[in-house]
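Chain and residue survey
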Amino acid sequence: MQQIIRLFPIHMRDNLAKSGVFERDLEEIRVRVNEYLMFLTARGELFLRGTELVRKTDAACCRMGRADVDQMCTFMSNYSLYAYEEEMRQGFLTVEGGHRIGICGQVSAENGHIRRIYPVSYLNIRIASEHRGCAEGVFRFLHRDNGFYNTLLLSAPGIGKTTLLRDLVRMVSVGREGFSGKKVGLVDERSEVAGSVQGIPQNEIGLRTDVLDGCPKAEGMMLLVRSMSPEVLAVDEIGGEDDLRALEYVLRCGCRILATVHSRDLEELSDKPGWSKCREQKLFSRYVELGREGGRRVGRVLDETGRLLGTTECR
């Protein structure tokens, strides 16, 4: 709670602390200049009115002014926007606690590339939530005889695949009964999995995990294989052809893969460029389709042919 409250203007901090919003399964805080401060929880949107939380806005609800957002940018960057300009140019900033702040506003471009985002007018504070143990049910399908299956996690945005990936990285690194801990190389391009601040992970990712923070995925995968000899390589949100080529390179080196991709299910994945080839070649032995059923987060584990192996809740 204190990590997040310190990002806000001083005049707002007492009301935020008394509101109880941090006890509400908070997922995101949306900040927009001249708009209402909005909290996104697992049960819907909330707004701040004094020290109360309400579901509908009225004139008494908290609106964020230009000066408020400017102050937040100052606090986010430890009073030095210039020092964090490179990260902010990427559209996000990771702060103490592993919380990731998405940034939008006025863009200055040069030769087709973003040079600077200033002034910042929109913030999306994504609350880091480790949920240790949420992958217990899934993990038992992903290993055998002390070996780890090449695994791909699939879900639509906002379901929690990064949270699940983080817990799996921790479990693979630490080990469980019948499975000894492995050396894990984590390519964390957006600093969301380890939540690193100045290279130091803020989240629990296991004692055998090495993190390459802020590095493009394709380059990072190859660099880690060459430099850190991981037994399992983990990467979030595999995308284009460069990423797929890097995956093939990693597999040829004898390393196992644990990755995520934006896709609701295997059928949708097969329609994405390049992925039908991956399925035909059976690059992955396990797929986990993550979704929601009746307010619960559920993982459906499939083998390389698409056969359902089991369904488990991912708390």
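A brief look at the structure comes next. Model, not experiment: these values are computed from the prediction. (Residues numbered from 1 in each chain as written. Predicted model: local features only at pLDDT ≥ 70, side-chain atom pairs only at ≥ 80, totals over all residues. Heavy atoms only, no water.)

This paragraph deals with the environment of V187. Tracing the chain through its elements places V187 in strand 15 (residues 184–188). Given the relative accessible area of 1%, V187 is considered buried. C-alpha separation for the pair V187 and M1, spaced 186 residues apart in sequence, amounts to 28 Å. With near-sequence residues (within four places) excluded, V187 lies in contact with L212, C215, P216, K217, G220, M221, L224, L233, A234, V235 and D236. (Helix = DSSP H or I, 4+ residues; strand = E, 2+ residues; numbered from the N terminus. Buried < 20%, exposed > 50% of the residue type's maximum accessible area, 1.4 Å probe, protein only. Contact = heavy atoms within 4.5 Å.)

Mapped onto the fold, K182 is located in the loop between strand 14 (179–180) and strand 15. No salt bridge is formed by the buried K182. Its closest oppositely charged neighbour is E231, at 4.8 Å. Within the structure, the side chain of K182 is placed 2.8 Å from the backbone oxygen of N146, a separation counted as a polar contact. (Lys, Arg positive; Asp, Glu negative; His and termini not counted. Salt bridge = Lys/Arg side-chain N within 4 Å of Asp/Glu carboxyl O. Polar contact = N/O pair within 3.5 Å; in protein donor to acceptor, adjacent residues only side chain to side chain.)

In terms of nonpolar packing, the biggest core is built from 33 residues, with F8, I29, L37 and F39 touching the most fellow members. Of all the secondary structure elements, the ones that give two or more residues to this core are helix 1 (2–5), helix 2 (10–19), strand 1 (26–32), strand 4 (44–49), helix 3 (66–76), strand 7 (92–95), strand 8 (99–110) and strand 9 (113–126). If sequence neighbours within four positions are ignored, L37 has contacts with F8, M12, L16, I29, R30, V31, L46, F47, L48, C62 and M64. Ranked by size, the runner-up nonpolar core spans 29 residues in total, among them A135, F141, V301 and C314. (Core = buried A, V, L, I, M, F, W, Y, C linked by side-chain atoms within 4.5 Å.)

Moving on, we get to the packing of helix 7 (residues 217–228) against helix 8 (residues 241–252). At a closest axis distance of 8 Å, the pairing of helix 7 and helix 8 adopts a crossing angle of 15°. Relative to helix 8, the element helix 7 lies roughly parallel. Viewed along their axes, helix 7 and helix 8 form a crossing whose handedness is left-handed. Here K217, A218, M221, M222, V225 and R226 of helix 7 come into contact with helix 8, specifically with D242, D243, A246, L247, Y249 and V250. When grouped by side-chain class, the residues that make up the contact of helix 7 with helix 8 number 8 nonpolar, no polar and 4 charged. (Axes fitted to C-alpha atoms, helices over the stretch in contact; angles between N-to-C directions. Parallel < 35°, antiparallel > 145°, perpendicular 65-115°, else oblique. Left-handed = near helix turned anticlockwise from the far one by under 90°. Nonpolar A, V, L, I, M, F, W, Y, C, P; charged D, E, K, R; others polar.)

For any pair of aromatic rings, the description rests on two quantities: the centre-to-centre distance and the angle between the ring planes. Inspection of the entire model under this criterion finds 5 aromatic pairs. Taken together, a centroid distance of 6.4 Å and an interplanar angle of 75° make the contact between Y36 and F47 edge-to-face. Of this pair, Y36 sits in strand 2 (residues 35–36) while F47 sits in strand 4; the two residues are 11 residues apart in sequence, bridging distant segments of the chain. Across this residue pair, the class does not change: Y36 and F47 are buried. Here the aromatic cluster, defined as three or more aromatic residues joined through ring pairs, consists of F139, F148 and F179. Taking the ring centre of F75 as reference, the NZ or CZ of R13 above it sits at 5.1 Å. (Phe/Tyr/Trp six-rings, centres within 6.5 Å; stacked < 30°, edge-to-face > 60°. Lys NZ or Arg CZ within 6 Å of the ring centre and 35° of its normal.)

Looking at the secondary structure, you find E130 in the loop between strand 9 and helix 5 (136–139). Taking C-alpha positions, E130 is 22 Å from R264, a pair spaced 134 residues apart along the chain. Setting aside its immediate chain neighbours within four residues, E130 contacts T163, R166, Q202, N203 and E204.

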